[in-house]
Amino acid sequence: MANSTTLFTLPDGRKAVDVTENKTLAITDCGVVQNVITDALTITLPATIVGYAYTIRNGGDNATSTPTRSSTDASTIVTVSPNASDMIVGMEVTGANDKDFVNTKATAQVGDELQLLGDGASATGWIVQKVKGIWAKQA
Amino acid sequence: MANSTTLYRLKDGRMAVDVTEAKTLALKDCGVVQNVTIDALTITLPAAVVNYSYTIRNGGVKATSGPTGSGSDGSVAITIAPDGTEYMSGCELTTDASDLVVNTKATSQVGDEIGLVASTATGWLITKLKGTWAKTSV
């Protein structure tokens, strides 16, 4: 089943879209919270472009036979993967090209979030604007 | 003792790092709340690079033998210094080149915060203010 394009409103008022399959982000995904609700998905960033802004959120994986958005902490691992020649920088970590950032499942909480802004620079790529929860850089 | 690089989760979910010594911010400090827990520190901004963004928060001085996050109001003054002749502007706070922005100790509260994003035109734009911050000419 393809990823949804239907927006909904988070409790804080922001618009979001559920992500249930691996997804490569595009310009149309800017400004909408990418709410990952299936375990072990990878969100792939496009090659960095100045001003592109993405928010990836851990929405938790719904337990079987439970209502939508009744998910629990530590149910979803989210991987954010930059383009091979880009890096994600910030979070007190020195950036490196093609290194993923992973919202570790064991410590993940529903609402963990990573906000990224593209700078279009070949020496960097994506600058962290805000982080909630524990995200680890790929070794 | 050098500044910590260990992140922890604030009550609102954002990730933070404690600042216990004067600190010059770098690219890797973007996106993490810089939680100042020692009085009278200066946080120095790097030369503005578009899209660099920082959040500096007053964490208060931790009570003696108290747990992390037990800081008290009126215990910490924070000074934000731009690089060279750059300046910070926004939120009805307009500074001149090289001016400092100070979270005044007497009126400071734990959780006071300033958000900054770099702009090529001015240096730094203030995107968020909590608490009383005043410019200090140099």
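The structure this text deals with has already been given above.
Residues numbered from 1 in each chain as written. Chains lettered and ligands numbered in written order. Predicted model: local features only at pLDDT ≥ 70, side-chain atom pairs only at ≥ 80, totals over all residues.

Student: What is the right way to read the overall build of chain A from this model?
Tutor: Scanning chain A from N- to C-terminus turns up 0 helices and 12 strands. Each helix and strand of chain A, placed in order from N terminus to C terminus, yields the pattern β-β-β-β-β-β-β-β-β-β-β-β. The dimensions of chain A, computed from C-alpha atoms along their principal axes, are 45 × 30 × 30 Å. Considering chain A as a whole, with its 139 residues, one finds that 40% of them fall into the buried category. Across chain A, every contact between residues at least 6 apart in sequence was considered, and the portion connecting residues at least 24 apart equals 49%. (Helix = DSSP H or I, 4+ residues; strand = E, 2+ residues; numbered from the N terminus. Buried ≥ 20, exposed ≤ 12 C-beta atoms within 10 Å, placed from the backbone. Contact = placed C-beta atoms within 7 Å.)

Student: Looking at this model, I keep getting lost on the environment of A:C30. Mind explaining?
Tutor: All names here are of chain A. Mapped onto the elements, C30 comes out in the loop between β3 (23-24) and β4 (33-36). Overall, the presence of 15 C-beta atoms within 10 Å leaves C30 in the partly exposed class. As a C-alpha pair, C30 and Y52 span 22 residues in sequence and 6.3 Å in three-dimensional space. Those residues in contact with C30, other than ones at most four positions away along the chain, are Y52, A53 and Y54.

Student: Explain the sheet that holds strand β12 (residues 135-137) of chain A to me, please; I cannot follow it from the model alone.
Tutor: The strands that make up a sheet pair up through hydrogen bonds in the backbone, lying either parallel or antiparallel. All names here are of chain A. Read across the open sheet, the 5 strands follow the order β3-β5-β7-β9-β12; overall the sheet is mixed. Taken across any chain shown, the strands that pair with only one partner, and hence form the sheet edges, are β3 and β12. Both β3 and strand β5 (residues 41-44) contribute to a ladder of 2 bridges, which runs parallel. Note that in β5 the partner of T24 across the bridge is T44. (Pairing = 2+ DSSP bridges.)

Student: Which parts of the structure should I look at to understand the environment of A:L45?
Tutor: Residues and elements named next belong to chain A. Mapped onto the secondary structure, L45 falls in the loop between β5 and β6 (53-58). For L45 and L25, which are 20 residues apart along the polypeptide, the C-alpha to C-alpha distance reads 5.5 Å. Dropping the residues within four chain positions of it, L45 is found in contact with L25, Y54, V80, S81, P82, N83, D86 and W126.

Student: Whenever I open this one, the interface of chain A and chain B confuses me. Can you help?
Tutor: Quoted interface sizes are often the accessible area lost when the parts come together. Each partner contributes residues to the interface: chain A has 16 residues there, and chain B has 17 residues. Among the elements that make up the side of chain A that touches chain B, the one with the highest residue count is strand β11 (residues 125-132) of chain A (6 residues). Across the side of chain A that touches chain B, the residue classes tally to 7 nonpolar, 5 polar and 4 charged. (Nonpolar A, V, L, I, M, F, W, Y, C, P; charged D, E, K, R; others polar.)

Student: What exactly am I supposed to notice about the environment of A:N83 here?
Tutor: Note that A:N83 resides in the loop between β7 (78-81) and β8 (87-89). On a C-alpha basis, the gap between A:N83 and A:G125 in space is 8.6 Å, while along the polypeptide they are 42 residues apart.

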